[in-house]
Structure formats: structure tokens, C-alpha cells
Amino acid sequence: MTVEQRYRRIYKPLVWFGCLLPLALLLGRGLGVAGGSLGADPAEEILRTCGKTALNLLLVTLAVTPLRQLARAPQLLRLRRLLGLFAFAYAALHLVAYVVLELQFDWPMLGEDIARRPYITIGFVAVVLLAALAATSTQRAMRALGRRWQRLHWGIYPATALGVWHYWWQVKADVREPIVYSLILALLLGWRLWRRRAALTSTSGSSTAPGRT
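In this report, the structure presented in the accompanying data block is examined. Values in this document were obtained by computation on a predicted structure and should not be read as measured data.

**A few points about a nonpolar patch on the surface**
And then number 1: Residues V96, V100, L101, F105 and W107 make up a contiguous nonpolar surface patch of roughly 470 Å² in combined accessible area.
And then number 2: Along the polypeptide, F105 turns up in the loop between α3 (80-102) and α4 (107-116).

Here is the structure:
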């Protein structure tokens, strides 16, 4: 089986399955399939599931590059856009669920929450950043933006950091899970900084080696 065949027949279907599974399970619980339920506060459970899934997928998206480098599997890079789009989809569902289930379409209240409640503010900014990345994820947008496209898509780093921050402020009391998310994010960003520093050191060493001009 060629690399292209593995991507189309194995990797891509697995990503679709894994990304859609949380939504399918959530819908199943909401419909009471196999005795499942959304608990005493369905709105809170929907918000929590969509938000955490978005955050999980953002971290998985950031993990693609280290995994590609460690496994020497360049084909994994092709999964990054799909994972990022699913992350935005769940973040958008999180926001929609908040507007519909918590605020019941009270738009003035939404504006007040964004302006006055810091954890809502940073969560909203994260969704806006992800929306910009999703809107420019096509090959056409890449060609149109040129070099600016890469700089724009560095926005996934602050978006993920804001997502972790939003989650941390939201839980208030038990911050064990937000700490784990923060450590994973720090590890993923630290890997990138280490690789960049190693590349710069290697380039600097090569340029100063005897016989180099």
C-alpha cells in the first residue's frame, strides 16, 4: 500500500471517526440511546463536552508536527488541517450552545458577558481566531495570502492558549485538568522552540565552519 493509499484509506477515515465520535456519543446520550442521559444539567454537559473536545483537538493538531518529525512520517502533516477544522467546529458548537441553551438568544446579554466576564471574553476571542483560520484554510486562500498565510495561521498558538485559559477560569475550583492541558501545551510549544533553536544553531555552525564563505 502506498503512502497516498494509507492516507486515504486509513489515516483520514480514522481522523473523521475519532473527531465525530464525541458528537455522536453526545447525541446518543441526548436521545437516551442505550439508557444514556445528559445528567441533571443537559446544557452544562453539552457546553462542557463541546468545549473540551475543541480543546483536545487543538492540542492534537499541535501534536501533529512533533509526531511527524519523530516518526519521520511527512504524510501526517496532511491531517493537520482536518483536525483544525474539527476543532473550530466544536468551538463554534460550544459558542452556539452557550447562546441558545444558556442565554436563550439574549444578544444584549451576550454582549455584556463578552465585555464584563473575562473568561467569556478570552473564549470568544479564541473562537474568532479559529474562525479566521478555518476561513483561510483552503488552497485558494493560501495562494491569495502568500507569505501572510503562514503568519496568520500562527494564530493557532494564541487560540489554544486562550482556550486553556478560558477553561482554567471556568472551572474555578478543581484546576487539575486545566493544569494538565497547560503542561501539554507547554510541552508542545517547548518542542517547537527547541527545534527552532537547534536549527538556528546548526545553521550558525555551518556558516562559520572552516572553508565556508
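**Here's the deal with the packing of helix α2 (residues 42-71) against helix α8 (residues 156-171)**
And then number 1: Between α2 and α8, the shortest axis-to-axis distance is 10 Å and the interhelical angle comes to 145°. At the point where α2 passes α8, the crossing takes the left-handed sense. On the side of α2, the interface is formed by K52, L55, L58, L59, T61 and L62, while α8 contributes I156, Y157, T160, G163, V164 and Y167.
And then number 2: Residue classes in the contact of α2 with α8 are distributed as eight nonpolar, three polar and one charged.

**Quick notes on the packing of helix α5 (residues 118-135) against α8**
And then number 1: Orientation of α5 relative to α8, taken along the N-to-C sense of each, is 150°, at an axis distance of 8 Å. When the interaxial angle is binned, α5 and α8 end up roughly antiparallel. Where α5 crosses over α8, the handedness of that crossing is left-handed. Here P118, Y119, I120, I122, G123, V125, A126, L129, L130 and L133 of α5 lie close against α8, whose contacting residues are I156, P158, A159, L162, G163, W165, H166, W169 and Q170.

**Considering α3**
And then number 1: Helix length check: α3, at 23 residues, gives a terminal C-alpha distance of 32 Å against a target of 33 Å (1.5 Å per residue), a fit within 8%.
And then number 2: Considered for burial, the residues of α3 that qualify are L82, L83, F86, A87, Y90, A91, H94, A97, Y98 and V99.
And then number 3: Buried residues in α3 make contact with α1 (3-30), α2, α4, α5 and α8.

**Description of the pattern of salt bridges**
And then number 1: Counted according to the given criterion, the structure contains five salt bridges.
And then number 2: Linking E177 and K52 is a salt bridge whose minimum nitrogen-to-oxygen distance equals 2.7 Å. Of this pair, E177 sits in helix α9 (residues 176-207) while K52 sits in helix α2, and the two are 125 residues apart along the sequence.
And then number 3: Overall, E177 belongs to the partly exposed group, its relative accessible area being 38%.
And then number 4: Classification of K52 by relative accessible area gives buried; the value is 16%.
And then number 5: The network of salt bridges with shared partners includes R29, E45 and R48.

**A look at the state of the cysteines**
And then number 1: Counted under the stated rule, the structure contains zero disulfides.
And then number 2: Cysteine C19 is unpaired, with the sulfur of C50 as its nearest cysteine sulfur at 13 Å.
And then number 3: Here C19 falls in the buried class, since its relative accessible area comes to 3%.
And then number 4: By relative accessible area, C50 is classed as buried at 3%.

Conventions and cut-offs
Residues numbered from 1 in each chain as written. Predicted model: local features only at pLDDT ≥ 70, side-chain atom pairs only at ≥ 80, totals over all residues. Heavy atoms only, no water. Patch = residues over 30% accessible without salt bridge, like charges linked within 9 Å, V, L, I, M, F, W, Y side chains within 5 Å. Areas by Shrake-Rupley, 256 points an atom, 1.4 Å probe, with all protein chains shown as cover. Salt bridge = Lys/Arg side-chain N within 4 Å of Asp/Glu carboxyl O. Helix = DSSP H or I, 4+ residues; strand = E, 2+ residues; numbered from the N terminus. Axes fitted to C-alpha atoms, helices over the stretch in contact; angles between N-to-C directions. Left-handed = near helix turned anticlockwise from the far one by under 90°. Contact = heavy atoms within 4.5 Å. Nonpolar A, V, L, I, M, F, W, Y, C, P; charged D, E, K, R; others polar. Parallel < 35°, antiparallel > 145°, perpendicular 65-115°, else oblique. Expected span 1.5 Å × (residues − 1). Buried < 20%, exposed > 50% of the residue type's maximum accessible area, 1.4 Å probe, protein only. Disulfide = S-S within 2.5 Å.

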